[in-house]
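Next come the chains, spelled out residue by residue.
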Amino acid sequence: MKNILLVGAGRFGRHIAMQLSQLEHQIMTVDANEERINDVLPFTTNALIGDSTNAEFLRSLGIGNFDVCIVTISSNFQNSLETTSLLKELGAKCVVSRAERDVQAKFLLRNGADHVIYPEKQMAKWAAIRYTSNHIFDYIEIDQQHAIFEVEVPEGWIGKSVGELDIRRKFGINILGIKHAGKTDVSIMPDTILSSDVSILVLGEYKMLQKCFRI
């Protein structure tokens, strides 16, 4: 369990609060808008109405006590930038800030952000890949070169063992698990036989995944 400061209770911030709450983290949420604070109250441990660009207000929160500070401000980039910079100046251990464009990410990283997230950009890429291929069920980007895909078993692989297919040697791709009826089995062995009623989780370089699964 971690102690999280969430700055910004808009739609994205509220969704983050919901997920953090499910993971049972301690969450302090800050926003200048009372209505947004009221909306996020069911999912947060504590909440305050306040201006995150005010150094004294942030200092009163004890910034150094939080494991992670997440800045989700989207309506005013100047406020997001000032908040990110102040958090770092006040001793934040880790600052994660939201960006909508690459130029924003550059400014945030130069002014205190340890990490930058692009919710719209990342979701757009996920949706473009997920819904333009009938045989892809899910997709997680690891970095710019690597990804994990959940895919249906190619027709030519059905009835064959993982060892027989030898895709690790041929493509540099690892089979991480097999999903059946919503349950995942990660105890994959060379003699594991693939069938048509399962999907597989595969990890590898994006270009090799494209080649192997015709993405």
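Structural data are supplied above this passage.
Because the structure is predicted, anything quoted here is derived from the model rather than measured. (Residues numbered from 1 in each chain as written. Predicted model: local features only at pLDDT ≥ 70, side-chain atom pairs only at ≥ 80, totals over all residues. Heavy atoms only, no water.)

Colleague: Quick question: what am I supposed to make of the environment of Pro119 here?
Modeller: The residue Pro119 is located in helix H6 (residues 119-130) in this model. In this structure the C-alpha to C-alpha distance between Pro119 and Arg98, which are 21 residues apart in sequence, comes to 7.6 Å. Not counting chain neighbours up to four residues away, the residues in contact with Pro119 comprise Phe12, Arg98 and Ala99. (Helix = DSSP H or I, 4+ residues; strand = E, 2+ residues; numbered from the N terminus. Contact = heavy atoms within 4.5 Å.)

Colleague: Can you help me understand the pattern of salt bridges in this one?
Modeller: If charged atoms from side chains of opposite charge come close, those side chains can pair. Summed over all chains, the structure comprises 6 salt bridges. Arg36 is the partner of Asp31 in a salt bridge, and the nearest nitrogen-oxygen pair spans 2.9 Å. We classify Asp31 as buried; its relative accessible area is 7%. For Glu56, the salt bridge identified is with Arg59, shortest N-O distance 2.5 Å. Taken as a pair, Glu56 and Arg59 lie in helix H3 (residues 55-60) at a separation of 3 residues, close to a single helical turn. Residue Glu56 is classed as exposed on the basis of its relative accessible area, which comes to 53%. Given a relative accessible area of 44%, Arg59 falls into the partly exposed group. (Salt bridge = Lys/Arg side-chain N within 4 Å of Asp/Glu carboxyl O. Buried < 20%, exposed > 50% of the residue type's maximum accessible area, 1.4 Å probe, protein only.)

Colleague: So what exactly am I meant to see when it comes to the sheet that holds strand E6 (residues 115-117) here?
Modeller: Strand pairing in a sheet relies on backbone hydrogen bonds. The paired strands run either parallel or antiparallel. Strand order in this open sheet of 6 strands is E3-E2-E1-E4-E5-E6, and the pairing throughout is parallel. Edge positions in the sheet fall to strand E3 (46-49) and E6, since each has one partner strand and no second. In this sheet, neighbouring strand axes are inclined to one another by 20° on average, regardless of whether the strands run parallel or antiparallel. (Pairing = 2+ DSSP bridges. Axes fitted to C-alpha atoms, helices over the stretch in contact; angles between N-to-C directions.)

Colleague: Can you walk me through the sheet that holds strand E7 (residues 136-141) in this structure?
Modeller: Read from one edge to the other, the open sheet built from 5 strands follows the order E7-E8-E11-E9-E10, with strand pairing classed as antiparallel. At either margin of the open sheet sits one strand with a lone partner, and together these are E7 and strand E10 (183-185). Put simply, the sheet's adjacent strands are angled 25° from each other on average, direction ignored. As paired elements, E7 and strand E8 (residues 146-152) share 5 bridges and run antiparallel to each other. The residue of E8 that forms the bridge with Ile136 is Val151. In the packing of helix H9 (residues 206-213) onto the sheet, the strands contacted are E8 and strand E11 (199-205), and the crossing angle to E11 comes to about 135°.

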